[in-house]
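Breakdown of the fold
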Amino acid sequence: MTSTYLPDMRSGPDAAPQPRVTRARARSRRRLLHWLTAMGFQLPALALFGVLVLLPILFALYASFFRWGGFGMPSDYTGTDNFTRLFQDDVFLGDLWRCLLLVLLSLALQLPFALAMAVLLNQRIRGRAVYRMLFFAPYVLSEAITGVLFGMIFAPDQGLADHVLGAIGLDGLGGEWFSAPSTVMATLFLVMTWKYFGFHMMLYLAGLQSIPAELTEAAIVDGAGPWQRFRHITLPLLAPTLRISVFLSVIGAIQLFDLVWVVTAGGPDHHSETMAVTMFQYGFKRYQVGYASAISVVMFAISLVFGLAYQRFVLRRDLAGATTNMRGDGA
């Protein structure tokens, strides 16, 4: 019987690497396919983001170097004159001070009040679901409705607030509210707190309910009191939620517009104006769109710098943990 020798095509020094090369090419093709698929899903969102966000930002930056009334294309180039004028404008400098004041009041009063209500409503008390709904309801209302409502409540000599104070013998405390420079910011902050504290309260409630009950029970067994449990268990575990709440509160104060516009329109005599209200006044009332664009650029720069710094120095640990978990490297 004659046997025919067939050479092994897999043998030989040049044929050995072929399977590895084939697998490498297959992996490369799969990665390319996955990348193209991901880009296909992202392109519509990226296109909308570019058209609705990036282009307006770039055009505002471009227009801020011109004296422009908003009609036609900007042509009267003035360089940095709008920015120089901006930081010499007493109204805008006052806007910066009022923004800082609102931030400080929010961090010192509004957020601690929201946290206290969240801790209270996290206890087993009768009707807590109703209280949660009532406290969160103002946030659901639009800023326009809230502004009209409190405009009537604090109307001089006719509003509900003056009638209530008069009924209890404190009528000397009312009458001015939004109409006096000395009281307008305090009254405005009161309205802001009523409107927004429920949102932060619900954030804190969600964070509190994620804290394992076993930790609190173990602390009670060890003899820890309510303040010790709050300080050593609740606050550390609630810290990521608190950091997000602070970030949202600061950004909201920087960009505050609609509530102020409906309630006071920046009055009296600019004493309640914010940067966004001043921008609107110059851009849509006085048709100084170039100057208004400079205000918008400064607002954007403040928000961007704060956001990046806050992420770098405050949210770094939270974001690092989220990235680790997404990659599957964490526990």
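Residues numbered from 1 in each chain as written. Predicted model: local features only at pLDDT ≥ 70, side-chain atom pairs only at ≥ 80, totals over all residues. Heavy atoms only, no water.

A look at the overall build of the chain
Along its length, the chain carries 13 helices and 0 strands. Shown N-terminal to C-terminal, the secondary structure of the chain runs as helices and strands in the order α-α-α-α-α-α-α-α-α-α-α-α-α. Residues counted as buried form 34% of the 331 residues belonging to the chain. Counting only contacts in the chain whose residues sit at least 6 apart along the sequence, the fraction spanning at least 24 positions is 63%. Carbon and sulfur atoms provide 66% of the accessible area of the chain, an area that totals close to 20,800 Å². (Helix = DSSP H or I, 4+ residues; strand = E, 2+ residues; numbered from the N terminus. Buried < 20%, exposed > 50% of the residue type's maximum accessible area, 1.4 Å probe, protein only. Contact = heavy atoms within 4.5 Å. Areas by Shrake-Rupley, 256 points an atom, 1.4 Å probe, with all protein chains shown as cover.)

Points about the environment of leucine 96
Tracing the sequence through the fold places leucine 96 in helix H3 (residues 90-121). Residues in contact with leucine 96, not counting those within four places in the same chain, are Met275 and Ile302.

Side note on the packing of helix H7 (residues 184-209) against helix H9 (residues 226-254)
One way to put it is that H7 packs onto H9 with a least axis distance of 9 Å and a crossing angle of 155°. Relative to H9, the element H7 is oriented roughly antiparallel. The handedness of the crossing between H7 and H9 comes out as right-handed. Mapping the contact onto sequence places Phe199, His200, Leu203, Tyr204, Gly207 and Leu208 in H7 and Thr234, Leu238, Thr241, Leu242, Ser245, Leu248 and Ser249 in H9. (Axes fitted to C-alpha atoms, helices over the stretch in contact; angles between N-to-C directions. Parallel < 35°, antiparallel > 145°, perpendicular 65-115°, else oblique. Left-handed = near helix turned anticlockwise from the far one by under 90°.)

Some points on the packing of H3 against H7
Their axes nearest at 7 Å, the elements H3 and H7 cross at an angle of 45°. Taken as axis vectors, H3 and H7 run oblique relative to one another. Here H3 runs over H7; the crossing is right-handed. The residue inventory of the contact of H3 with H7, partitioned by class, reads 20 nonpolar, 4 polar and 1 charged. (Nonpolar A, V, L, I, M, F, W, Y, C, P; charged D, E, K, R; others polar.)

Remarks on the environment of valine 91
Turning to its location among the elements, valine 91 is positioned in helix H3. With relative accessibility at 17%, the residue valine 91 sits in the buried group. Counting along the chain gives 178 residues from valine 91 to aspartate 269, while the straight-line C-alpha distance between them is 9.5 Å. Among residues more than four places away in sequence, those in contact with valine 91 are Arg98, His270, Glu273 and Thr278.

Focus: a nonpolar patch on the surface
Where nonpolar side chains cluster on the molecular surface, the patch consists of Leu48, Phe49, Val51, Leu52, Val53, Leu54, Leu55 and Leu58 and spans about 770 Å² of accessible area. Residue leucine 54 is classed as partly exposed on the basis of its relative accessible area, which comes to 43%. (Patch = residues over 30% accessible without salt bridge, like charges linked within 9 Å, V, L, I, M, F, W, Y side chains within 5 Å. Salt bridge = Lys/Arg side-chain N within 4 Å of Asp/Glu carboxyl O.)

Some thoughts on the nonpolar core
Counting residues in each nonpolar core, the largest one holds 37 residues, and the members touching the most others are Leu102, Phe154, Phe178, Leu256, Leu259 and Ile295. Broken down by secondary-structure element, the contributors of at least two residues to this core are helix H2 (81-86), H3, helix H6 (160-167), H7, H9, helix H10 (258-263), helix H11 (275-285) and helix H12 (289-313). Ignoring anything within four residues of it in the chain, the contact list for phenylalanine 154 reads Ala161, Trp177, Phe178, Thr187, Leu190 and Val191. Among the nonpolar cores identified, the runner-up in size contains 17 residues, and Leu111, Ala118, Ile233 and Leu238 belong to it. (Core = buried A, V, L, I, M, F, W, Y, C linked by side-chain atoms within 4.5 Å.)

Examining the packing of aromatic side chains
Tallied over the entire structure, the rule returns 25 aromatic pairs. Between phenylalanine 136 and tyrosine 139, the aromatic rings sit 5.7 Å apart at their centres with planes inclined by 40°, giving tilted as the arrangement. One end of the pair is phenylalanine 136 and the other is tyrosine 139, both in helix H4 (residues 128-140) and 3 residues apart, which spans about a single turn. The class of phenylalanine 136 is partly exposed, set by a relative accessible area of 26%. On the basis of relative accessibility, which here comes to 31%, the residue tyrosine 139 falls in the partly exposed class. Pairing tyrosine 282 with tyrosine 291 gives two aromatic rings, centres 4.7 Å apart and planes at 75°, and the pair type is edge-to-face. (Phe/Tyr/Trp six-rings, centres within 6.5 Å; stacked < 30°, edge-to-face > 60°.)

Considering the side chain of aspartate 162
Relative to the assigned elements, aspartate 162 resides in helix H6. No salt bridge is formed by the buried aspartate 162. Its closest oppositely charged neighbour is arginine 98, at 23 Å. (Lys, Arg positive; Asp, Glu negative; His and termini not counted.)

Some details on the side chain of serine 293
By the element assignment, serine 293 lies in helix H12. For serine 293, a relative accessible area of 8% corresponds to the buried category. Reaching out from serine 293, the side chain makes a polar contact with the backbone oxygen of valine 289 at a distance of 2.8 Å. Excluding residues that lie within four positions of it along the chain, serine 293 makes contacts with Ala60, Ala63 and Ser64. (Polar contact = N/O pair within 3.5 Å; in protein donor to acceptor, adjacent residues only side chain to side chain.)

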